[in-house]
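Take a look at the letters that make up each chain.
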Amino acid sequence: MKFSLSYTLTMILSILSVAVPAQQRESTWELQVQVNDKQTKAPLEFALVGLTNGSKHWGAMCNEQGTSVVNKLPAGTYKVSVSLLGYKKWEGETVITHNQSLRVLLTMNNNELNEVVVTASESRGATSSSVIDRRAMQHLQPSSFSDLLELLPGGKAKDPSFSSVNAIRIREVGLDDSKYSISSLGTSFVMDGTPISTDANLQYLTSGDITIAGTSANTDSKRSSVNRGVDMRTLSTDQIERVEVVRGIPSVQYGELTSGLVKIERKKGATPWEARLKVDGYSKLFAVSKGFGFARKLNLNFGVDYLDSKNNPTNSYEGYQRLTYSIRLGKRWDNERVGIDWRLNVDHAHTLDETKVDPNMYDNVQAGADLEYVKKDRYRSKYDRFSVSNTLQLTPKKRSFLESVAFNASASYEMDKIEETKFVQLNSVTLTIPVSDETGTADGIYLPSKYLTYHDVDGRPLSIFLQGKANFKFATARVNHKAMVGAEYVFDKNYGDGQIIDRLRPPGGENPLRSRKYSNIPARQMANFFVEDALWMPLGRNVVKLIAGVRGMTMVGMDSRYRMNGKPYLDPRFNAEWRIPSIGIKDKELSMALSGGVGWHSKFPTLNQIYPDYAYEDYVRLNYYDVDAPEYSRVNYETFKTQTFNYNLEPARNRKWEVRLDMSYDNNRLSVTYFREKMTNGFRSQVMDFMPISTRRYYNDKDSVVINPDTHLPDLEQSKYKELNRLHTLSATGNGTRIEKEGIEFTLSTKRFERLKTRMTVTGAWFKTDYLNSSNLYRQPSVQINGEPMQEIGIFNSSGGDRREQFNTNFMFDTYIPLLGLEFSTSFQCMWFTLSQRLTESRYPYAYVDANGNIHPYTEADKTDPLLKYLTRESNPGLFVADRKPFGMEVNLKASKKIKNLAQISVFVNKLLDYYPDYEINGAVIKRNVSPYFGMELNITL
């Protein structure tokens, strides 16, 4: 027998669906109405649907998907009306002879000028989020996704920078410190329903800095995104139709987040040929896309974009390139029982981040052979990500308890490679390195004074995401429910060769480095589930909506010693919204809504944090260098190799709550949100344990060293030595970061003044963020006692930290003149103040660790002890004085001109005008200078 895909899936869904009640007569039918915004195509919940047939009336309210169903309708002709506050009422007529559906597009209750929105708009849901549509992105003229953050409350225009990782920060000022990278790591990016995973990313150089032409450029630390989440440089905006940045409490179907959620929806369906060319002082961008619509509800979208950026226009030897392409296929099947939607996305992103030596710059390099070595200094990082996502959704046509079933199977595979070539020049010919990778004693080697070294990192992360979810709808009394249940499985593993280092010519000079094979690291696996119920009910003229859910998560397949293995973690979340009846004022309606929510959000540690590399401690036992006969010199090491897994590591957990007021009057809208967030167990590297070490230290003088007559090398059995005791600290990723956020966000959008054809939008925020250490702080003084370093370590309470605070407001005036095809905006971006301050910290430890690893309380007597007094910290009041920068402002201009609906030319100038006065702190005058940034682009539509 021959079965089609649609027939087979129809049979499956028929079994799952709840049958139509027997008492429903065959002579009655149902009408399903889908209501969307005409401009944004977003579903409109709370829309009221009314049907009239003679003297009989039926009505229903749309759910959060913009869908309502009216059943038990006799056959006949019906007048249909759809109304929603802030939109024009829609009226039409339909003839019902069978079960059928109707789609209605509502237009906002204003004229064409008001429909043009060139900035982010606040969502009207129960949680705070910003929606950025295609029109706003076109006006902004972005080069990468990070440019879109300017449109969020508290955002500010920044010059694009492709020479370092673009990490996202939501609702905070930001602190450039790896101890607080959980802020960006805890922001989830979801593209077309599939999360972008970076948890198996291990692309970093163990050597840290690269020396180029005698200067130190911190190449790896600024370009590595390990444990920092998604690098927004890799995301192109040219295929994006809509972006929603959820700053508040998202649905429980979204996990692996602490800070926020970024939902990206790309173009679907038939679209014209579109080409974009953008040029500015630092980069060039070209993109082309097209959407095809075929018979039988089949559509195909594809797009390609290319970016070439230079960190400095005058330096062609340091740059960043990005090439992405996407193919997206969609198909829909329909019959009397079920509608089936299938989507297949295939994507590839390639980036090249490269730094080379400018051959014209050798002022600090001596001529000769060294010159040829220096010419080969290079850093090259290649990133290739291939991804496939497959989604299938089944929607029953008949009225049933089951609303839809959806499945998502996605996978991504990366081929990442870092290649570093480095010229190393040492200050001494007696510098040595160990060559053993295991615990024990072994001879090392002497390094040449200069050499060329190579360091490669090969990473091949594989990520698999499987999700199944079902939506249900039902009513109890006057309460409408929309429930959701789902389950997920996530797999992350790196199959790369890892760190590849020439042990005899280490990139770090005398600092020994070890290779590590990534494919030997176990996989990271998670099993999750989520349950949620959204209910809404009319209370007189009021409408109340409540959303409550819980997300359960656990890590599986780990060593049983890990606390996280198999342990369930729950994230409950709750949102509420109260829509107050409208108040008539001068023939206009004032509408208000109050909303708020509270929720817990968890981010599990990455592969690098769960399975760190071994810690190596190398002690020189003997370093005897014979100047007269170097071939008879000898260096001997004792190496201690220690595993640094933290079996007590747990997910980072953030608690959020917020309240929001939303008001609309005569096409003017004001939204104000107050929020608080508290995380006490974010990830950071911290001391986990102490390991006392005993080794030998041989004397190097000729009276103490005995030469073996056969080998002419020092004899370790006969030479003199002394016992050496050291206290070695073991560090690993722990839950020692504390971040507390507080702030107010606001957005005011006026109607477009018809005579001026101009609208004013005011956005801004006050943010205060405290960055703290929630774990013990260990400090070892750098003092010498009898020629030996002090071994005691002070233990301080979790004190100290940094405070960052700012208040900014952006005033945008955008003008749209359709008769001339002209659109331009002027933005006054005002930073009223920024504050940075080091918080006070304890001067005295509460305990200390002795040289044997034992912990003792620190007493008053210890403050005057000849040895232990050095454990105290010097108090410098100047370190804790707040650095408060006063008011500063810049004016940005963007303009676009359409040419016969076929082309659009746009220009932008950031910091066209600026006002940044000097200010004084601690008697020093601080001068602030900014430089304009400008560019232009051409868009062609065919």
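Residues numbered from 1 in each chain as written. Predicted model: local features only at pLDDT ≥ 70, side-chain atom pairs only at ≥ 80, totals over all residues. Heavy atoms only, no water.

The next subject is the confidence of the model for the protein. Counting all residues, the mean pLDDT for the protein is 87, and 92% of those residues have values of 70 or more. Looking over the protein, one finds the lowest element-wise mean pLDDT in strand β12 (residues 210–212), namely 32, and the highest in strand β10 (residues 187–191), namely 97. Within the model, the stretch residues 1–26 combines pLDDT values under 50 with 24 contacts to residues more than four positions away or in other chains. Segment residues 207–219 is flagged for pLDDT under 50; beyond a separation of four residues in sequence, or across chains, it makes 34 contacts in the model. (pLDDT = per-residue confidence, 0-100. Helix = DSSP H or I, 4+ residues; strand = E, 2+ residues; numbered from the N terminus. Contact = heavy atoms within 4.5 Å.)

Sheets are built from strands that pair by backbone hydrogen bonding, the pairs being arranged parallel or antiparallel. Pairing in this open sheet of 4 strands is antiparallel, and the strands run β3-β2-β5-β6 from one edge to the other. The two strands at the open ends of the sheet, each matched to only one other strand, are β3 (56–61) and β6 (90–96). If you compare each strand with its neighbour and ignore which way they point, the axes differ by 25° on average. In this sheet, β3 lies alongside strand β2 (residues 48–53) in antiparallel orientation, the contact comprising 6 bridges. Looking at β3, one finds that Val49 is bridged to Ala60. (Pairing = 2+ DSSP bridges. Axes fitted to C-alpha atoms, helices over the stretch in contact; angles between N-to-C directions.)

This part covers the packing of aromatic side chains. Tallied over the full model, the rule gives 30 aromatic pairs. An angle of 85° between the planes, with centres 5.5 Å apart, marks the rings of Tyr569 and Phe604 as edge-to-face. With Tyr569 in strand β33 (residues 569–585) and Phe604 in the loop between β34 (588–603) and α6 (607–610), the pair connects residues that are 35 residues apart, well separated along the chain. Residue classification places Phe604 among the buried positions, given a relative accessible area of 0%. Each residue in the set Phe746, Phe807, Trp832, Phe887 and Tyr915 is aromatic and connected to the rest through ring pairs, giving one cluster. The ring of Tyr616 has Arg514 lying over it, and the distance from NZ or CZ to the ring centre is 4.2 Å. (Phe/Tyr/Trp six-rings, centres within 6.5 Å; stacked < 30°, edge-to-face > 60°. Buried < 20%, exposed > 50% of the residue type's maximum accessible area, 1.4 Å probe, protein only. Lys NZ or Arg CZ within 6 Å of the ring centre and 35° of its normal.)

This part is about a nonpolar patch on the surface. On the surface, a cluster of nonpolar side chains totalling about 1000 Å² of accessible area is made up of Trp273, Leu277, Val279, Phe286, Ile899, Leu902, Ile905, Val907, Met936, Leu938, Ile940 and Leu942. At the level of elements, β16 (271–280), β51 (903–915) and β54 (933–941) are the ones that each hand at least two residues to the nonpolar patch. You can see Leu938 is positioned in strand β54. When its relative accessible area of 32% is taken as the criterion, Leu938 is described as partly exposed. (Patch = residues over 30% accessible without salt bridge, like charges linked within 9 Å, V, L, I, M, F, W, Y side chains within 5 Å. Areas by Shrake-Rupley, 256 points an atom, 1.4 Å probe, with all protein chains shown as cover. Salt bridge = Lys/Arg side-chain N within 4 Å of Asp/Glu carboxyl O.)

Okay, the side chain of Glu150 next. Structurally, the position occupied by Glu150 is in the loop between α2 (134–140) and α3 (182–185). This buried residue, Glu150, is left without a salt bridge; Lys894 holds the nearest opposite charge, at 4.2 Å. With near-sequence residues (within four places) excluded, Glu150 lies in contact with Leu140, Gly155, Lys156, Ala157, Asn810, Gln829 and Lys894. (Lys, Arg positive; Asp, Glu negative; His and termini not counted.)

As summarised here, the arrangement of the 3 strands in space is β4-β1-β7, forming an open sheet in which the pairing is mixed. In the strand order of this sheet, the two ends are held by β4 (67–74) and β7 (100–106), each with one partner. With strand direction ignored, the average angle separating the axes of adjacent strands in the sheet is 25°. Both strand β1 (residues 28–37) and β7 contribute to a ladder of 7 bridges, which runs parallel. Paired with Gln32 across the strands is Ser101, a residue of β7.

Right, let's get into the pairing of strand β20 (residues 338–356). Successive residues of a regular strand alternate their side chains across the two faces of the sheet. Sheet topology places strand β19 (residues 315–334) next to β20; 17 bridges connect them, and they run antiparallel. Of the residues in β20, the one forming a bridge with Glu318 is Thr355. Counting the residues in the hairpin turn of β19 and β20 gives 3 residues. Of the pairings in the sheet, the one linking β20 to strand β21 (residues 378–396) comprises 19 bridges and is antiparallel in character. Looking at the pairing, Lys356 lines up with Arg378 of β21.

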